[in-house]
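Chain residues, written in single-letter form:
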Amino acid sequence: MTLTRDGGSLFSANMAGTLRLIVYLAIASVLMVLDHRGHWMGKVRYGAAIVVEPLYHLAGLPASGFRAARVAFADRRKLTEENKQLRVDLLLANARLNHMAAVSRQNKRLKKLLDTRRQLGMNVQLARVIDIDLGAFSHRLTLNTGAHQGVKVGQVVIDAHGIMGQVTQVLPGTCTVMLITDPDHAIPVTDTRTGLRTVAHGSHESGQLSLTTIPVSADVRVGDKLVSSGLGGRFPPGFPVATITHVEPQLSGMFLTARAKPSADMQRADEVLLLRDLAPPVGPPAPASVDGPPRALAPDAVGSSSTSARRSR
Amino acid sequence: MNRQRVRAIVFWSTVVLSLLLMLLPLPQSVMAFKPYWPALVLIYWALESNDVVSLGVAFAIGLGADVIDGILLGEQALRLTVLVFIVLRFRARLRFFPMWQQALAVLALLANDRIIDLILRSFAGYPLPPLSFAAAPLVGAVVWPFLFLLLDDVRARLRAHEA
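Residues numbered from 1 in each chain as written. Chains lettered and ligands numbered in written order. Predicted model: local features only at pLDDT ≥ 70, side-chain atom pairs only at ≥ 80, totals over all residues. Heavy atoms only, no water.

J.: Go over the UniProt feature "transmembrane region" (unreviewed entry) in chain B, please, and point to the residues and values.
T.: Residues and elements named next belong to chain B. Taking the numbering used here, the UniProt-annotated feature "transmembrane region" (unreviewed entry) corresponds to residues 52-73, 94-111 and 131-151. Each end of residues 94-111 is marked by a C-alpha atom, and these two atoms are 17 Å apart; helix forms 78% of the span and strand 0%. Helix makes up 81% of residues 131-151 and strand 0%, whereas the separation of the span's terminal C-alpha atoms amounts to 31 Å. (UniProt positions renumbered as here; feature names shortened; annotations may be inferred. Helix = DSSP H or I, 4+ residues; strand = E, 2+ residues; numbered from the N terminus.)

Take a look at the structure:
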């Protein structure tokens, strides 16, 4: 009884329900087709942003809350461990950075040296300084090359900026270099500005050269560049040696005395070049030859301009 | 009148809650197992009361769900309308099923919903979803008894308050 009545009411309701279903399905299909063609979805969402956006935030709340809680209640020990690990990592990274900086500096220096070598077109040999003895009475270096590497007494040692000295003693694996600043050392030089020839001695003041035999009438000024003159056949001509820093008359009044600062970087160089087997010069050499380290490496621009002035003359 | 209004409030709050649950961001691996909450809530209300859920209401909720989280405008509207239509058609029988049979029926309903979804997607030319797409109805069927009991409890409490 109830079933039949139920069925009867269901039937009439079913017809209406099915009809409504069909209508709704049609509407939905039309909407979908229109959206698929016209991509309305984004526009509708954009228009409903006021309602939709807070919903997104609301739905995202549990996740963000969970994340915040995990940070807040993170294990203290774990954090400490992490901190320690990070500290160690930082130390390691810093050490590595320092090492890298040192390597980068060395690389730059070596490149400069190689540049010199290429521009000279000379037969040179790279050597490392292994021991420095810059006392008051002996200005010497020890290099890590010796007789086994073909080093001979008398070879000239230069760095990227100028002449450093000459080899005075050769051992099988090492050699000793007497620097031009050694009081026992003398090097014949030429003033690039005037062509004046003179001799530069090592000085008792460390790191200085002294020129004691300049005639009073000679034109020597502070800032003059001295290059090797090649006289005596020991040093090749044209290498920068020093820059005049101080000129004064001697007490006797017969000569001028000048002090000069070596062009080579005596204090800092730890890689140097050994010049090999230079033929002894024949006859008086030109006061200033075109040979020499690149002008870009000259300590200051004034000197190089005076050099070029001399050359153009 | 007052009672009607309270019921409407409860109904719409559960619907909004289900929409929020649908939006709930989850890890990608769990995402596939997220049940289709609006469908479950609508099934419940369609079973429980005669006049709360009609096809029009289902359609409107579906449109809302589409605007919030959908591929095509009208896709979820169509799916929910079909779902509610089936539930209303078999309401008299489903209501008196034991819980496990009801859960099976819900599984069938959700599976049917998935099939409709697949058809719509292939019509629209969207890429077919992965195989884990089929897991959600199972989860939904498992969740169903708990949801049913929970919502029943809420309604009972509200009625007790009124009385």
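J.: If you had to explain the side chain of A:S210 to someone new, which residues and values would you point to?
T.: Residues and elements named next belong to chain A. Relative to the helices and strands, S210 is located in strand 8 (residues 209-215). Residue class for S210 comes out buried when judged on its relative accessible area of 15%. Setting aside residues no more than four positions away along its own chain, S210 makes contact with V199, A200, H201, G202, S203, A258 and R259. (Buried < 20%, exposed > 50% of the residue type's maximum accessible area, 1.4 Å probe, protein only. Contact = heavy atoms within 4.5 Å.)

J.: Which residues make up the pairing of strand 10 (residues 240-249) of chain A, and what are the values?
T.: Residue and element names in this part refer to chain A. Taken together, the three bridges between strand 9 (residues 225-228) and strand 10 define a ladder with antiparallel strand orientation. Counted as the bridge partner of V227 is P240 from strand 10. Of the strand pairs in this sheet, strand 10 and strand 11 (residues 255-262) are connected by seven bridges, and their pairing is antiparallel. Among the inter-strand pairings, I244 is bridged to a residue of strand 11, identified as A260. The loop that links strand 10 with its antiparallel partner strand 11 comprises five residues; one of these, G253, has a positive phi angle of about 80°. (Pairing = 2+ DSSP bridges.)

J.: Could you give an account of the interface of chain A and chain B, with specific residues and numbers?
T.: How big an interface is tends to be stated in terms of the accessible area lost upon association of its parts. Taken residue by residue, the interface counts 27 residues in chain A and 28 residues in chain B. Taken over both partners, the interface formed by chain A and chain B buries close to 2400 Å², and the fraction arising from carbon and sulfur atoms is 77%. In terms of surface lost to chain B, no three residues of chain A exceed A:Y24, A:M32 and A:M41, which account for 23% of the buried area on that side. Along the contact surface separating chain A from chain B lie zero salt bridges. In this assembly, chain A and chain B are joined by four residue pairs in polar contact (both at pLDDT 80 or more). Counting residues per element, the ones that place at least two in the side of chain A that touches chain B are helix 1 (2-38), helix 2 (40-47) and helix 3 (49-72) of chain A. In terms of residue count, the dominant contributor to the side of chain A that touches chain B is helix 1 of chain A (15 residues). Tallied by class, the residues present in the side of chain A that touches chain B amount to 17 nonpolar, six polar and four charged. (Buried area = accessible area lost by both parts, 1.4 Å probe. Salt bridge = Lys/Arg side-chain N within 4 Å of Asp/Glu carboxyl O. Polar contact = N/O pair within 3.5 Å; in protein donor to acceptor, adjacent residues only side chain to side chain. Nonpolar A, V, L, I, M, F, W, Y, C, P; charged D, E, K, R; others polar.)

J.: For the confidence of the model for chain B, give the residues involved together with the corresponding values.
T.: Close inspection of predicted coordinates is inappropriate in any region flagged by low pLDDT. Overall, the predicted model of chain B reaches an average pLDDT of 86, with 99% of residues at or above 70. Looking over chain B, one finds the lowest element-wise mean pLDDT in helix 2 (residues 28-31) of chain B, namely 74, and the highest in helix 3 (residues 37-48) of chain B, namely 91. (pLDDT = per-residue confidence, 0-100.)

J.: Would you mind going over helix 3 of chain B in detail, with residue names and values included?
T.: All names here are of chain B. Along its twelve residues, helix 3 runs 17 Å from first to last C-alpha, staying within 8% of the 16 Å computed at 1.5 Å per residue. A large share of helix 3 lies buried, amounting to twelve of its twelve residues. When helix 3 is considered as a whole, its buried residues turn out to be W37, P38, A39, L40, V41, L42, I43, Y44, W45, A46, L47 and E48. As for helix 3, its buried residues are in contact with helix 1 (2-23), helix 4 (55-68), helix 5 (75-89), helix 6 (91-94), helix 7 (99-124) and helix 8 (135-162). (Expected span 1.5 Å × (residues − 1).)

J.: Tell me about the packing of helix 1 of chain B against helix 8 of chain B, and please be specific about residues and values.
T.: Residue and element names in this part refer to chain B. The geometry of helix 1 relative to helix 8 is characterised by a closest axis approach of 11 Å and an angle of 155° between their N-to-C directions. Judged by the inter-axis angle, helix 1 sits roughly antiparallel to helix 8. By crossing handedness, the relation of helix 1 to helix 8 is classed as right-handed. For the pair formed by helix 1 and helix 8, the contact residues are R3, V6, V10 and T14 on the first element and L151, V154, L158, R159 and E162 on the second. Grouping the constituent residues of the contact of helix 1 with helix 8 by class yields five nonpolar, one polar and three charged. (Axes fitted to C-alpha atoms, helices over the stretch in contact; angles between N-to-C directions. Parallel < 35°, antiparallel > 145°, perpendicular 65-115°, else oblique. Left-handed = near helix turned anticlockwise from the far one by under 90°.)

J.: Requested: an account of the nonpolar core, with residues and values cited.
T.: Membership of the largest hydrophobic core comes to 61 residues, with the highest contact counts inside it found for B:F11, B:L40, B:L42, B:I43, B:V53 and B:W144. Only helix 1 and helix 3 of chain A together with helix 1, helix 3, helix 4, helix 5, helix 7 and helix 8 of chain B provide two or more residues apiece to this core. Non-local contacts of B:F11, meaning those with residues more than four positions away in its chain, are made with B:L42, B:W45, B:V52, B:V53, B:V57 and B:I61. Counting 43 residues, the second-largest nonpolar core is a separate cluster that includes A:I158, A:M164, A:V189 and A:F235. (Core = buried A, V, L, I, M, F, W, Y, C linked by side-chain atoms within 4.5 Å.)

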